[in-house]
Structure formats: structure tokens, C-alpha cells
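If you want the building blocks of each chain, they are given just below.
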Amino acid sequence: MRLPAGFSDATEALACLPGVGERTATRFGFFLLERPDATKAIAEALATMHQRVGTCGQCYNLADAEVSDGLCEICADTSRFDARTLCVVETVPHLLAIERTDIFKGTYHVLHGVLSPIKGVGPDDLHLPSLIARVQRDEITEVIVATDADVEGEATAAYIREILLPLGASVTRIATGVPMGSDLEYLDGTTVARALMGRKPQAT
Ligand SMILES: [Zn+2]
């Protein structure tokens, strides 16, 4: 039986979400059909999300678009005492994984990707020029590179080391406890904390 277009349009839209196949999307559809209030709340929140969520003008973390200074909560927090230490991460979920450990009190720099010649991602496609500018402007003394321990993450870390060492900053790399090829986002807090505490000067 063909379901009404109003229903199948909704489930097809839901099916684009990661981990949501056709069956799950249909289940969501039936659930929402019986809950008009929840459907309205979800639809309104999603419809305004892109206008309300901006990017931090300093570190490229998510920021509240309505905040006038354009800074994220972390950059705006003057009680973070380690302004000279900067942690470079691939994505905002990776930043959150490190924040959850509650041991890092410096600031972040979100690349929004990694170098990948195969996918055509070069240095100019990531927030690398702004990283160099920040290290110079804020007199950063240590840059902790927390990219993933896979091929692209390692290549990106090596590149960052090359461009930052001439600036006099110490470049360290999270290492201990992070298995090769693993994604920071999905590691438990203890492993991420250990990786951060056990960082080492980045090898050439
Ligand atoms: Zn920020």
C-alpha cells in the first residue's frame, strides 16, 4: 500500500539522517504523527537552527549567532586560565570530547576537517591560516594537536608541526591510549584525558 505523500515525504526527509534507514524513518513518522506538539517543536527548532547557530570568530567552534561579539562560550570565558595553550581539533564533536574530560583549560582551534589529497582537501580548505595568525597574535606557547590517529590525522599533525615550529611554539601530539585509527569523538572520557595528559613533543 502506498502511504499518503504527506507521510512519505516526511519519512524520506528523515531517512537522510545518519544511522536512520527507511524502516526507522517510518517508525519515526508514525511516532510523530501521533504527537503533533512534539512534531511542531522539532520542526520549529530545526527551521531556525541555521540562523541561530553561528561559528566562533576566533576558534571556529559553534557559537550563538545572537551573541554580539561572535565568540563561542569557551573563547568568551575569561576564567579559563591557560590562554597560551591551544588545542587543535578536527571537528566540534572532537572539541566536546576533550571538554568532557574537564582537564584542559586552554582554548581550541577547530580545523573543520583534515588534509586529504584524495578528497582534494588542502591547507587552504581548513582553518590553518587563521591558526598561524592566532599563534602569533596570542603568543601561544604550546599547541596540542589532537587530530585523529589515522593517516589523514597524522598527516595534518605533521603539517601543523611544520608550519608552527618556526614560530617558536612548542607542538605536542596526543598519543598515549589513543589506538591507531580511532576517532576521538567515540573514545571514553578517561582515554581522552589520558591521551591529553600523556601528550608528547611531536616527532619529526
Ligand atoms: Zn571560540
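Thresholds applied
- Residues numbered from 1 in each chain as written.
- Predicted model: local features only at pLDDT ≥ 70, side-chain atom pairs only at ≥ 80, totals over all residues.
- Heavy atoms only, no water.
- Pairing = 2+ DSSP bridges.
- Helix = DSSP H or I, 4+ residues; strand = E, 2+ residues; numbered from the N terminus.
- Contact = heavy atoms within 4.5 Å.
- Axes fitted to C-alpha atoms, helices over the stretch in contact; angles between N-to-C directions.
- Donors = N, O, S within 2.8 Å, 3.2 Å for Na, K, Ca; no water.
- Tetrahedral: all angles 85-135°; square planar, octahedral: opposite > 155°, others 65-115°.
- Buried < 20%, exposed > 50% of the residue type's maximum accessible area, 1.4 Å probe, protein only.
- Domains from an automatic or database assignment.
- Core = buried A, V, L, I, M, F, W, Y, C linked by side-chain atoms within 4.5 Å.
- Parallel < 35°, antiparallel > 145°, perpendicular 65-115°, else oblique.
- Left-handed = near helix turned anticlockwise from the far one by under 90°.
- Salt bridge = Lys/Arg side-chain N within 4 Å of Asp/Glu carboxyl O.
- Patch = residues over 30% accessible without salt bridge, like charges linked within 9 Å, V, L, I, M, F, W, Y side chains within 5 Å.
- Areas by Shrake-Rupley, 256 points an atom, 1.4 Å probe, with all protein chains shown as cover.

*Asks:* Could you give an account of the sheet that holds strand S3 (residues 85-89), with specific residues and numbers?
*Replies:* Strand pairs in the sheet, formed through backbone hydrogen bonds, run parallel or antiparallel to each other. Strand order in the open sheet made by the five strands is S4-S3-S5-S6-S7, with mixed pairing throughout. Each of the sheet's edge strands pairs with one partner strand only, and the pair in question is strand S4 (107-110) and strand S7 (200-201). Set on the sheet, helix H5 (residues 92-101) makes contact with S3 and S4; between it and S4 the angle comes to about 160°. Packed on one face of the sheet, helix H6 (residues 129-137) meets S3, S4 and strand S5 (142-145) and runs near 155° to S4.

*Asks:* Describe in detail the coordination of the zinc ion, supporting the description with residues and values.
*Replies:* At the metal site, the zinc ion is ligated by Cys56 (SG), Cys59 (SG), Cys72 (SG) and Cys75 (SG), and these contacts range over 2.3 Å. Coordination at the zinc ion is tetrahedral: its four donor atoms span angles of 105 to 115° at the metal. When the donor residues of the zinc ion are listed from N- to C-terminus, their spacing reads C-x2-C-x12-C-x2-C. The two residues cysteine 72 and cysteine 75 agree in class, both being buried.

*Asks:* Lay out the environment of threonine 48 with the relevant residues and their values.
*Replies:* Among the secondary structure elements, threonine 48 is positioned in helix H3 (residues 36-52). A C-alpha to C-alpha distance of 32 Å links threonine 48 and glycine 189, two positions 141 residues apart in sequence.

*Asks:* Describe the domain arrangement of the protein chain, and please don't skip the residues or the numbers.
*Replies:* For the protein chain, the domain assignment lists domain 1 (5-53) and domain 2 (80-201). Here domain 1 and domain 2 have C-alpha centroids that lie 35 Å from each other.

*Asks:* Describe the nonpolar core, and please don't skip the residues or the numbers.
*Replies:* Core analysis: the biggest nonpolar cluster contains 23 residues, and Cys87, Val89, Ile98 and Tyr108 have the highest contact counts within it. Sorting the residues of this core by element identifies helix H4 (73-76), S3, H5, S4 and helix H8 (189-197) as the ones contributing at least two each. Judged by nonpolar contacts, the second largest core, of 17 residues, contains Leu86, Leu131, Val143 and Ala169.

*Asks:* So what about the packing of helix H1 (residues 5-14) against helix H2 (residues 22-33)? Which residues, and what values?
*Replies:* Where H1 meets H2, the axes come as close as 8 Å, and the angle between the chain directions of the two elements is 125°. Compared by their axis directions, H1 and H2 come out oblique. In this structure, H1 meets H2 at a crossing whose hand is right-handed. Of H2, the residues touching H1 (which contributes Phe7, Thr11 and Leu14) are Ala25, Thr26, Phe28, Gly29, Phe30, Leu32 and Leu33.

*Asks:* Before we move on, could you go through the pattern of salt bridges and cite the residues and values that matter?
*Replies:* Under the defined criterion, the tally for this structure stands at 11 salt bridges. Residues arginine 52 and glutamate 66 are paired through a salt bridge, measuring 4.0 Å at the closest nitrogen-oxygen approach. Of this pair, arginine 52 sits in helix H3 while glutamate 66 sits in the loop between strand S2 (62-64) and H4, and the two are 14 residues apart along the sequence. In this structure glutamate 66 comes out as exposed when scored by relative accessible area, which is 58%. Taking the shortest distance from any N to any O, the salt bridge between arginine 199 and glutamate 142 comes out at 2.5 Å. Linking arginine 199 in the loop between H8 and S7 with glutamate 142 in strand S5, this pair joins segments that are 57 residues apart in sequence. The exposure class assigned to glutamate 142 is buried, which follows from its relative accessible area of 15%.

*Asks:* Could you give an account of a nonpolar patch on the surface, naming the residues involved and the relevant values?
*Replies:* On the surface, Ile42, Leu46, Met49, Val53 and Leu62 cluster together into a nonpolar patch covering about 430 Å² of accessible area. Ranked by residues supplied to the nonpolar patch, first place goes to H3 with three residues. On the accessibility criterion, isoleucine 42 (42% relative accessible area) is partly exposed.

*Asks:* I'd like to hear about the packing of H5 against H8, residue by residue, with values.
*Replies:* Running from N to C, H5 and H8 point in directions that differ by 90°, and their axes come no closer than 8 Å. Accordingly, the angle class assigned to the pair H5 and H8 is roughly perpendicular. Together, Ala97, Ile98 and Thr101 of H5 and Gly189, Val192, Ala193 and Leu196 of H8 make up the contact between the two elements.

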